[in-house]
Amino acid sequence: MSLERKDDHDHGGWMKSRELSPVERGYLTVLIWLDKRLRLVDYLEILEDLYYKANLQMPKSHTEQYNLDNKFWYWYPLYALGSFSTIAYVVAAISGALLGFYYSPSTAAAGAEGSATVAYASIDFIMTELNFGFLLRSLHRWSAQVMVAAVFLHMLRVYFTGAYKEPRELNWILGIVLISLTMVFGYSGYILTWDQLAFWAGQIGVEMSLSIPLAGEWVAQLLFGGFSLSQSTLQRFYILHVFFLPFITTTLIAIHIGIVWMQGIAEPH
Amino acid sequence: MAPSDETDEEVRADGTGIVPPDDETPTWGERKARSQGLSRLTYEYFERSRREDQDLRMESSYVERDVLGFPTWPHEMIRNLAITSFFVGMMIFLAATLPPHIGAPANPSQTPAVILPDWYLYWSFGLLKLGPLNPDLAILGGQKLMADRTYGVLANLVVVGFIAIVPFLNKGSARRPVEQPFWAAVGVFGVVFSITIAALSVKNLVPMDPHLLFDLTFLLPPVAGFIAYAVLRTMREGYMFELNRRYYRLRPPK
Ligand code: HEM
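Residues numbered from 1 in each chain as written. Chains lettered and ligands numbered in written order. Predicted model: local features only at pLDDT ≥ 70, side-chain atom pairs only at ≥ 80, totals over all residues. Heavy atoms only, no water.

1. Description of the overall build of chain B
Thought 1: Looking only at helices and strands, chain B has 8 helices and 2 strands in total.
Thought 2: If you list the helices and strands of chain B from N to C, you get α-α-α-α-β-β-α-α-α-α.
Thought 3: Counting across all 254 residues of chain B, residues that qualify as buried make up 25%.
Thought 4: Put simply, of all contacts in chain B between residues at least 6 apart along the chain, 59% involve residues at least 24 apart.
Thought 5: Counting every atom, chain B has about 17,700 Å² of accessible surface; 64% of that belongs to carbon and sulfur. (Helix = DSSP H or I, 4+ residues; strand = E, 2+ residues; numbered from the N terminus. Buried < 20%, exposed > 50% of the residue type's maximum accessible area, 1.4 Å probe, protein only. Contact = heavy atoms within 4.5 Å. Areas by Shrake-Rupley, 256 points an atom, 1.4 Å probe, with all protein chains shown as cover.)

2. So, the site of the ligand
All names here are of chain A.
Thought 1: Inspection of the region around the ligand gives 26 residues, with Tyr79, His154, Arg157, His256 and Ala266 positioned closest.
Thought 2: At 3.0 Å, a side-chain N or O of Arg168 approaches an oxygen atom of the ligand.
Thought 3: Between an oxygen atom of the ligand and a main-chain N or O atom of Ala266, the distance comes to 2.9 Å.
Thought 4: Of all the secondary structure elements, the ones that give two or more residues to the shell around the ligand are α5 (81–100), α7 (133–160), α8 (169–192) and α11 (231–263).
Thought 5: Per element, the largest residue contribution to the shell around the ligand is 7 residues, and it comes from α8. (Near = heavy atom within 4 Å. Polar contact = N/O pair within 3.5 Å; in protein donor to acceptor, adjacent residues only side chain to side chain.)

3. Side note on the packing of α5(A) against α11(A)
All names here are of chain A.
Thought 1: Viewed as axis vectors pointing N to C, α5 and α11 meet at an angle of 155°, and their least axial separation amounts to 12 Å. In terms of axis orientation, α5 runs roughly antiparallel to α11. Two packed elements cross with a definite hand, and for α5 against α11 that hand is left-handed. Between α5 and α11, the residues in contact are Thr86, Tyr89 and Gly100 and Tyr238, Pro246, Thr249, Thr250, Ile253 and Ile257, respectively.
Thought 2: Tallied by class, the residues present in the contact of α5 with α11 amount to 5 nonpolar, 4 polar and no charged. (Axes fitted to C-alpha atoms, helices over the stretch in contact; angles between N-to-C directions. Parallel < 35°, antiparallel > 145°, perpendicular 65-115°, else oblique. Left-handed = near helix turned anticlockwise from the far one by under 90°. Nonpolar A, V, L, I, M, F, W, Y, C, P; charged D, E, K, R; others polar.)

4. Topic: the coordination of the iron atom of the ligand
Residue and element names in this part refer to chain A.
Thought 1: Here the iron atom of the ligand is held by His154 (NE2) and His256 (NE2), and the distances to it run 2.0 to 2.1 Å.
Thought 2: Geometry at the iron atom of the ligand is octahedral, judged from its 6 donor atoms and the angles of 85 to 179° they form at the metal. Taken as a pair, His154 in helix α7 and His256 in helix α11 lie far apart in primary sequence, 102 residues in all. Across the pair, His256 and His154 agree in class, each one buried. (Donors = N, O, S within 2.8 Å, 3.2 Å for Na, K, Ca; no water. Tetrahedral: all angles 85-135°; square planar, octahedral: opposite > 155°, others 65-115°.)

5. Some remarks on the domain arrangement of chain A
Thought 1: Taken as a whole, chain A is organised into domain 1 (12–57) and domain 2 (75–263).
Thought 2: Inter-centroid distance (C-alpha atoms) of domain 1 of chain A to domain 2 of chain A is 41 Å. (Domains from an automatic or database assignment.)

6. A word on helix α5 (residues 148–164) of chain B
Thought 1: Its 17 residues place the ends of α5(B) 24 Å apart at the C-alpha level, agreeing with the 24 Å of an ideal helix rising 1.5 Å per residue.
Thought 2: Taken together, the buried positions of α5(B) are B:Thr150, B:Gly152, B:Val153, B:Ala155, B:Asn156 and B:Ala164.
Thought 3: Lining the buried residues of α5(B) we find α8 and α9 (196–210) of chain A together with α4 (122–127) and α6 (166–169) of chain B. (Expected span 1.5 Å × (residues − 1).)

7. So, unusual backbone geometry
Residues and elements named next belong to chain A.
Thought 1: Of note, the bond from Glu166 into Pro167 is cis; its omega dihedral lies within 30 degrees of zero at 5°.
Thought 2: Of note, Pro167 is situated in the loop between α7 and α8.
Thought 3: Backbone geometry at Arg39 places phi at a positive 50°, although glycine is not the residue there.
Thought 4: Note that Arg39 resides in the loop between α2 (22–38) and α3 (40–56).
Thought 5: For Arg39, a relative accessible area of 48% corresponds to the partly exposed category.

8. Re the UniProt feature "transmembrane region" (unreviewed entry) in chain A
All names here are of chain A.
Thought 1: Under the present numbering, the feature "transmembrane region" (unreviewed entry) in UniProt falls on residues 78–103, 142–160, 172–192, 212–230 and 237–262.
Thought 2: As a span, residues 142–160 carries 100% helix and 0% strand, and end to end its C-alpha atoms are 27 Å apart.
Thought 3: Between the C-alpha atoms that bound residues 237–262 the distance is 35 Å, and the span itself is 100% helix and 0% strand. (UniProt positions renumbered as here; feature names shortened; annotations may be inferred.)

9. Quick look at the UniProt feature "transmembrane region" (unreviewed entry) in chain B
Residues and elements named next belong to chain B.
Thought 1: In the numbering used here, UniProt assigns the feature "transmembrane region" (unreviewed entry) to residues 81–99, 151–169, 181–200 and 212–232.
Thought 2: When the span residues 81–99 is considered, its composition is 89% helix and 0% strand, and the gap between its end C-alpha atoms is 26 Å.
Thought 3: Here residues 212–232 is 100% helix and 0% strand, with 29 Å between the C-alpha atoms at its ends.

10. Observations regarding the packing of α5(A) against α7(A)
Residues and elements named next belong to chain A.
Thought 1: Between α5 and α7, whose axes approach to 8 Å, the crossing angle comes to 155°. In terms of axis orientation, α5 runs roughly antiparallel to α7. Between α5 and α7 lies a crossing whose hand is left-handed. Note on element contacts: α7 touches α5 through Leu136, Arg137, Leu139, His140, Ser143, Val146, Met147, Ala150, Val151, Leu153 and His154, opposite Leu81, Gly82, Phe84, Ser85, Ala88, Tyr89, Val91, Ala92, Ser95, Gly96, Leu98 and Leu99.
Thought 2: Here the residues of the contact of α5 with α7 sort into 15 nonpolar, 7 polar and 1 charged.

11. Structural notes on a nonpolar patch on the surface
All names here are of chain A.
Thought 1: Residues Tyr43, Leu44, Ile46, Leu47, Leu50, Trp261 and Met262 make up a contiguous nonpolar surface patch of about 790 Å² in total accessible area.
Thought 2: Elements represented by at least two residues in the nonpolar patch include exactly α3 and α11.
Thought 3: Looking at the nonpolar patch, the element that brings in the most residues is α3, giving 5 residues.
Thought 4: Assignment of secondary structure puts Ile46 in helix α3. (Patch = residues over 30% accessible without salt bridge, like charges linked within 9 Å, V, L, I, M, F, W, Y side chains within 5 Å. Salt bridge = Lys/Arg side-chain N within 4 Å of Asp/Glu carboxyl O.)

12. With respect to the nonpolar core
Thought 1: Counting residues in hydrophobic clusters, the biggest one holds 71 residues, and the most contacted among them are A:Trp172 and A:Trp194.
Thought 2: The element best represented in this core is α8(A), accounting for 12 residues.
Thought 3: Setting aside chain neighbours within four positions, we find A:Trp172 in contact with A:Met155, A:Val158, A:Tyr159, A:Tyr164, B:Ile163, B:Ala164, B:Val166 and B:Pro167.
Thought 4: Counting 8 residues, the second largest nonpolar core, distinct from the first, contains A:Ile204, B:Leu116, B:Val153 and B:Val202. (Core = buried A, V, L, I, M, F, W, Y, C linked by side-chain atoms within 4.5 Å.)

13. Overview of the environment of B:Asn107
Thought 1: By the secondary structure assignment, B:Asn107 is in the loop between α3 (72–97) and α4.
Thought 2: On the basis of relative accessible area, B:Asn107 is assigned to the partly exposed category, the value being 22%.
Thought 3: In the structure, B:Asn107 is positioned 26 residues away from B:Leu133 in sequence and 33 Å away in space, judged by C-alpha atoms.
Thought 4: With near-sequence residues (within four places) excluded, B:Asn107 lies in contact with A:Gln196 and A:Trp200.

Below is the structure:
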């Protein structure tokens, strides 16, 4: 095998020999440049393969083949609940990122006169002074609520259509992890406002973790940064809410939907 | 491959030269076949699984629908866009009409009368209030085996753990609730219980005698489950006849 380029690998010459529009030429140049370095072609093949398997080579479905009771598909809208959870998650992520520009997780006293903290005051600022701030917070709140509701209902849909059975057990368990993460997301966000309800809900959280057998004190210190609520509690929940949870949840949702892609939607029989 | 014009090129012996594959060079398939231990097992299994796929494809009477599906663009994309805009619009509408509230600032020295998490955690909060069900043992002199709070936390773990192992408890090919009235009834029990236990967690806000509420919390779910079971059992006869005729006779369940 000589290292000299063979003619049929002369992509530049091949491009010149064709009549290409500027767009096509630009596209090909970038593609070839990247492909020489990253061997994109291998990955494109995988994607193409996935696409054809998923979209064009589907076998006839059970319902089609056996002319099954098509009344089942009256329930079809419920199959959108998973997508609905994803959409709500994306809306919450965008509005949350914008809120993050203005929120600061600090329990220092905001002013000399009152007992409000900087965290509380920054939310107050968002709601009363920031243009569209109230709408932003409202949107974040509602998309979070809607996501939780959609995830619960999605789980019920999966349960009552028996969609968790072989081969989808793993996705069910992944779903349990996801619904738990969703609720921890909600809980950690609830703490961030640092108003009375948030503070005392946090207090209950500390007590709950303390009553976990054996690992209780350790868990309380890890999550709440101590046995009573303080600056470190707020800071930890902030980092949990805007750093760890988004990364973990986004990855798991991608895997969850990837598995659905590979296995297909469970059909009624 | 043209070996003739390469013979006079100097062959480097320092290990950096690229050695051309000849007839003796094993292919990747052969290399894998020659491997040992776990990688050998992996290879053997993959080969089997590939053959199984192939066989199933050969004997399948499924119709390969080559281009019969809806095109992704524009059909699927426009549908998805429409659904997404509708959902996002709904959220914006909710956000605009029902803006959230923020309470008084945190005050560690003043416990509010009502402490609540968000609604979706009520069920978990309710499970923390199962103190009255925490068994006390006569041997311990009426002492409880564990603190009420520990009991509540464990109750949470048990509930979530049970839901997680459902796929390993209920197997088989049945999918519709009518095919398995029992498991559908378990589901209805669970849904109703999650609602009643949530109501229990906010018992100070429910205009009802707390004892009655506590009893109803554990009474309503089995009743609802039982009704669901009865209804589905009744429906099953007619339904399964159709289903058997259409489906199971053609594709008997394993
Ligand atoms: C963050 C939360 C979640 C997201 C974003 C999500 C997303 C999705 C999506 C988009 C689908 C495709 C089918 C459909 O939309 O119905 C799906 C299917 C599925 N989900 Fe989820 N899901 C979530 C939580 C859960 C939970 C809590 C469970 C159950 C415990 C679960 C179990 C499943 C299973 C078993 C399937 C396959 C169903 C089938 O093939 O018919 N998921 N999920």
